[in-house]
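An overview of the molecular structure
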Amino acid sequence: MSPNTAKAIEEGYQNLVIDQQPYLQGYLPILNICLTKKFGFSGLDINTAGAFVDADNVAVVAPLAAVEIR
């Protein structure tokens, strides 16, 4: 998700985009390794799957994309 993608959806040039959570996809595996090493935790099962962004919800996601949170 980027500000340009949000704009394209708002203007009707693009219908749908999959919005993923790259920060969580990078951070959580490292956290899992640390928790396993230090405390013997088994693997974490955290859903960081993409969400669909379209004209119905782009207004919520666009401000977050502008500041690189989404």
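Look above for the structure.
What counts, and where the lines are drawn
- Residues numbered from 1 in each chain as written.
- Predicted model: local features only at pLDDT ≥ 70, side-chain atom pairs only at ≥ 80, totals over all residues.
- Heavy atoms only, no water.
- Helix = DSSP H or I, 4+ residues; strand = E, 2+ residues; numbered from the N terminus.
- Rg over C-alpha atoms; globule rule 2.2 N^0.38 Å.
- Buried < 20%, exposed > 50% of the residue type's maximum accessible area, 1.4 Å probe, protein only.
- Contact = heavy atoms within 4.5 Å.
- Areas by Shrake-Rupley, 256 points an atom, 1.4 Å probe, with all protein chains shown as cover.
- Lys, Arg positive; Asp, Glu negative; His and termini not counted.
- Charge placed at Lys NZ, Arg CZ, Asp CG, Glu CD.
- Phe/Tyr/Trp six-rings, centres within 6.5 Å; stacked < 30°, edge-to-face > 60°.
- Core = buried A, V, L, I, M, F, W, Y, C linked by side-chain atoms within 4.5 Å.

We now examine the overall build of the protein. Across its full length, the protein carries three helices and two strands. Along the protein, from the amino end to the carboxyl end, the secondary structure elements read α-β-α-β-α. Relative to the compact-globule value of 11 Å for 70 residues, the protein shows a C-alpha radius of gyration of 16 Å, a clear excess of over 25%. On the principal axes, the C-alpha backbone points of the protein span a range of 50 × 20 × 15 Å. Per-residue burial over the protein gives 23% buried out of 70 residues. In the protein, of all internal contacts separated by at least 6 residues, the share reaching a separation of at least 24 is 67%. If you sum the accessible surface of the protein, you get close to 5200 Å²; carbon and sulfur atoms cover 58% of it. Where the 4 positive side-chain charges of the protein centre and where its 7 negative ones centre are 18 Å apart.

Tallying each qualifying case throughout the model produces one aromatic pair. Arranged with centres 5.9 Å apart and planes meeting at 45 degrees, the rings of Phe-39 and Phe-41 form a pair that is tilted. A residue is classified by how much of its surface remains accessible, and Phe-39, at 52% relative accessible area, is exposed.

For the rest of this paragraph, the subject is the nonpolar core. Formed by Ala-6, Ile-9, Val-17, Val-53, Val-58, Val-61 and Ala-62, the largest nonpolar core amounts to seven residues. Contributions of two or more residues to this core are made by helix H1 (3–10) and helix H3 (58–66).

None of this, on its own, says anything about what the molecule does.
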